[in-house]
Amino acid sequence: MKIIFSVIILLISSQLTFGQTREKKIDSICQAIQNKNSEVGISIGFIDNGKEYFFNYGKISRKSDLKVDENTVYEIGSITKLLTANLIVQAQDEGKLKIDDFIDKYLPKEYILSEQIKGKLKISDLASHQSGLPDFDFGKLIELNPKQPLDISKDAIHSIVNDSTKLSDYGNYRYSNISYVLMGIILENIYSKSFDQLVKEKIFVPSKMNNTLTTDFNVKNKVVGHNINGVQQDYFVWNSLFAPAGLLKSNTFDMSKLLKALLSNKGKIGKATSVTEKTFYKNTQMEIGFGQEIERNGNDTFFYKAGDTFSCSSIFAYDKKSNWGIVIMINHKNSDLIRELINTIYDQALR
């Protein structure tokens, strides 16, 4: 019965969007989906051939009358990794490193790789989740600090990096947060600046992303997040070590500016896409670039990165050939709803 009902809804939605412009189709699709998820705040930024459109549905919280808008702040989670990867490629363009170099020469002296691992791990292995390093034990971290499990210490990183004597499944895809933590450490080491400073200087300022937040996110216009069970959930606090893997907070207005920068191929940010969009790993189920995933549909190719925290879910995607970009943010941890939104929008409005 559920499958038949879903098909009927899809057919109705298709009829509603027939003959509409892309932005109107997106609005119709998202309004229909939000009507089924009325307690969820949804913000969407859409770039179509350089023009910006913003769609917002719902409120910042169940107890507030304030509606979400393009300036409403959400956690973007692992979309942060896309920015970290772009910073690494910018560093290569500046002659600070080479992405095919081994990580050994770029880590601070306190990180000592075992003889079994020295000279084996490349920066590109980190960015494409092929390092084989053990990742953080999130079960244990949650047990130690249920509300803020990402408040990790240097000792936690040392225990992973310095104590590892083998790389499990090296060269195969295994999603890794420690890899992006290490990329952040490498960036800080080669520039002698914090990740916070670097992301502001090299991405926020040139893109005019004035309201993407790092250490301080105590702003009024931010959503109240909810966990997978719909229970109110606090945002993750800023931890300078884990930050490059997923601690930025932003809104659709700012992230649309980043979409424009990536689509343009101009400036240091846009130029870096010549590397980030290359294929570094591929199997029958997925294709991985440098900090993002790649989806191909016939002659069409788009790039995307999803983000999930304990309180929000989001996705950031763009297609240079068709010249569109989209960012979707919701104030619930609900990757299924994000998939429904992006898949329906793509199938009915963007293909």
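Residues numbered from 1 in each chain as written. Predicted model: local features only at pLDDT ≥ 70, side-chain atom pairs only at ≥ 80, totals over all residues. Heavy atoms only, no water.

S.K.: Outline the overall build of the protein, supporting the account with residue identities and numerical values.
M.R.: From N to C terminus, the protein includes 12 helices and 12 strands. Taken against the 2.2 N^0.38 rule, which gives 20 Å for 351 residues, the C-alpha radius of gyration of the protein at 20 Å falls within 12% of a compact globule. Expressed as lengths along the three principal axes of its C-alpha atoms, the size of the protein is roughly 60 × 45 × 45 Å. The buried share among the 351 residues of the protein stands at 54%. Taking the contacts inside the protein whose residues are at least 6 apart along the sequence as the reference set, 68% of them involve residues at least 24 apart. Summing over all exposed atoms, the protein offers an accessible surface of approximately 16,100 Å²; the carbon and sulfur share of this is 50%. (Helix = DSSP H or I, 4+ residues; strand = E, 2+ residues; numbered from the N terminus. Rg over C-alpha atoms; globule rule 2.2 N^0.38 Å. Buried < 20%, exposed > 50% of the residue type's maximum accessible area, 1.4 Å probe, protein only. Contact = heavy atoms within 4.5 Å. Areas by Shrake-Rupley, 256 points an atom, 1.4 Å probe, with all protein chains shown as cover.)

S.K.: Report on unusual backbone geometry, specifying residues and quantitative values.
M.R.: Even without a glycine there, the phi angle at His129 is positive, about 60°. Inspection of the secondary structure puts His129 in the loop between α4 (123-127) and α5 (138-144). Positioned with a positive phi, Asn265 is a non-glycine residue whose angle comes to about 65°.

S.K.: Lay out the nonpolar core in plain terms, naming residues and giving numbers.
M.R.: One finds Ile157, Leu258 and Phe316 to be the most contacted residues of the largest nonpolar core, which totals 80 residues. With 10 residues, helix α7 (residues 177-191) is the largest single contributor of residues to this core. Phe316 has contacts with Ile79, Leu82, Met255, Leu258, Leu259, Leu262, Phe303, Tyr304, Lys305, Ile326 and Val327, leaving out every residue within four places of it along the chain. Judged by nonpolar contacts, the second largest core, of 26 residues, contains Cys30, Ile33, Ala317 and Trp324. (Core = buried A, V, L, I, M, F, W, Y, C linked by side-chain atoms within 4.5 Å.)

S.K.: Explain the packing of aromatic side chains to me, and be specific about the residues and the numbers.
M.R.: Scanning the entire structure with this criterion turns up 14 aromatic pairs. Geometrically, the ring pair formed by Phe136 and Phe138 is edge-to-face, given 6.2 Å between the ring centres and 65° between the ring planes. Using a relative accessible area of 8% as the deciding quantity, one classes Phe136 as buried. Relative accessible area serves as the criterion here: at 27%, Phe138 is assigned to the partly exposed category. By the ring-pair criterion, three or more aromatic residues cluster together here, those being Phe302, Tyr304, Trp324 and Tyr346. Above the ring of Tyr180, the side-chain terminus of Lys81 is found at 5.8 Å from the ring centroid. If you follow Lys222 out to its NZ or CZ, it ends over the ring of Tyr235, 5.2 Å from the centre. (Phe/Tyr/Trp six-rings, centres within 6.5 Å; stacked < 30°, edge-to-face > 60°. Lys NZ or Arg CZ within 6 Å of the ring centre and 35° of its normal.)

S.K.: An account of the pattern of salt bridges is needed here, citing residue identities and associated values.
M.R.: Enumeration over the complete set of coordinates arrives at 17 salt bridges. With a shortest N-O distance of 2.5 Å, Asp48 and Arg22 are connected by a salt bridge. With a gap of 26 residues between them, Asp48 in strand β1 (residues 42-48) and Arg22 in helix α2 (residues 22-36) connect regions that are remote in the sequence. Accessibility classification places Asp48 together with Arg22 in one group, the buried group. Its salt-bridge partner being Glu94, residue Lys202 comes within 2.8 Å of it at the nearest N-O pair. Taken together, the positions of Lys202 in helix α8 (residues 195-207) and Glu94 in the loop between α3 (79-93) and α4 put the pair 108 residues apart, joining distant regions of the chain. On the basis of relative accessibility, which here comes to 10%, the residue Lys202 falls in the buried class. For Glu94, a relative accessible area of 30% puts it in the partly exposed group. One continuous salt-bridge network, built from bridges that share partners, spans Glu94, Lys202 and Lys268. (Salt bridge = Lys/Arg side-chain N within 4 Å of Asp/Glu carboxyl O.)

S.K.: An account of α8 is needed here, citing residue identities and associated values.
M.R.: With 13 residues, α8 should reach 18 Å at 1.5 Å per residue; the first-to-last C-alpha distance of 17 Å fits that figure. The sharpest bend along α8 comes to roughly 35°, located at Glu201. Here the buried face of α8 lies against α3, α7, α9 (243-246), α10 (252-264) and α11 (267-276). Once α8 finishes, Lys208 follows within two positions and takes phi at roughly 60°, a positive value. (Expected span 1.5 Å × (residues − 1). Bend = angle between axes of the 7 residues up to and from the residue.)

These figures capture arrangement, not role.
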